[in-house]
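Listed here are the chains, written in short residue letters.
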Amino acid sequence: MTEPRVRVYRSLEELSIAAAAAIAEELRIAAERSGEATIALSGGDTPRMLHRLLAQRHETVPWARVHVYWGDERYVPHDDPRSNYRLARDTLLDCVPLTAAWVHPMPTDAPDPDDAAGAYQRLLEDEFGGLPRFDVMIMGLGEDGHTASLFPGSPAVDEELRWVVPAEATDAPMQRLTMTLPVLRNARALHFLVVGVEKREALVRALAKPSRSCPASLARPTEGTLTWWVDEAAAGHPAGEGSTQR
Ligand code: 6PG
């Protein structure tokens, strides 16, 4: 299992600039290698600046050859302000020359979220022909140690067969859909973006020995790379040059 590579920056802006450059290059290389690239986006506030920077790099990222997915979604209409799909549309997707049919939002209109989870799994099966291996997955970290919508104590954290399941948020009760750890572990490149002193304790736990009490600590690629893009406030120490192997 891959060891985390931790990169500490003075600010959200600096880490977003560095992460955007790395992710843009990974997408460019993936598209060059196989003609297409795949990215799974997260929700939350932290990736907003990253999205805007990736949108400004539309010359280097072959967006028309990128399939866009979501690692999790709030179970609300896609035009709801809480929707991760809407967040991505507003901050990235409406600004780049995508292939519309290659944007794959999680469905949130089925009366039963479990049916929606099953539909997205079938989409992934059709697109990947087996366990999805995303070229890039963008992840966040909650103060409780959650990532995607894998919350501490949730059965979704233990799911090893299904790739997409319904989940209940515990930080703000809301039905969600989430990809599961088998998918996260199969990624070619997993990128966590974490800022703020309020995330410091969760970050320490996420980088420590993997534990079910901190689902983010379990999200370690089997073969792919794992990079934590963090600011000084979350890291609890000044920005270092380059990465800190742990
Ligand atoms: C979501 C995200 C979630 C998020 C973390 C961090 O749908 O909310 O997928 O996992 O990444 O809660 O959110 P912030 O970036 O807002 O701190």
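Being a predicted model, the structure only gives us computed values, none of them experimental.

Peer 1: Now, about the sheet that holds strand 6 (residues 164-169): what can you tell me, with residues and values included?
Peer 2: A sheet is described by the order of its strands in space; here 3 strands give the open sequence 4-7-6, paired in antiparallel fashion. Edge positions in the sheet fall to strand 4 (72-74) and strand 6, since each has one partner strand and no second. Pairs of neighbouring strands in the sheet enclose a mean axial angle of 25°, with direction left out of account. Relative to strand 7 (residues 174-179), strand 6 runs antiparallel, the two being bridged by 6 bridges. Residue Val164 lies in a different strand from strand 7, and its bridge partner there is Met179. Where helix 4 (residues 113-128) meets the sheet, it contacts strand 6 and strand 7, and its direction lies at approximately 140° from that of strand 6.

Peer 1: Tell me about the packing of aromatic side chains, residues and numbers included.
Peer 2: Under the counting rule described, the total for this entry stands at 6 aromatic pairs. Between Tyr9 and Trp229, the ring centres sit 6.1 Å apart and the planes meet at 25°, which makes this aromatic pair stacked. With Tyr9 in strand 1 (residues 5-9) and Trp229 in strand 9 (residues 225-231), the pair connects residues that are 220 residues apart, well separated along the chain. As far as burial versus exposure is concerned, Tyr9 and Trp229 are alike and both buried. Seen from their ring centres, Phe192 and Trp228 are 4.0 Å apart, and the 5° between their planes marks the pair as stacked. Of the two residues, Phe192 sits in strand 8 (residues 189-194) while Trp228 sits in strand 9, which places them 36 residues apart along the sequence. The same class applies to Phe192 as to Trp228, namely buried. Three or more aromatic residues joined by ring pairs make a cluster, and in this case those are Tyr69, Phe128 and Phe134.

Conventions adopted
- Residues numbered from 1 in each chain as written.
- Predicted model: local features only at pLDDT ≥ 70, side-chain atom pairs only at ≥ 80, totals over all residues.
- Heavy atoms only, no water.
- Pairing = 2+ DSSP bridges.
- Helix = DSSP H or I, 4+ residues; strand = E, 2+ residues; numbered from the N terminus.
- Axes fitted to C-alpha atoms, helices over the stretch in contact; angles between N-to-C directions.
- Contact = heavy atoms within 4.5 Å.
- Phe/Tyr/Trp six-rings, centres within 6.5 Å; stacked < 30°, edge-to-face > 60°.
- Buried < 20%, exposed > 50% of the residue type's maximum accessible area, 1.4 Å probe, protein only.

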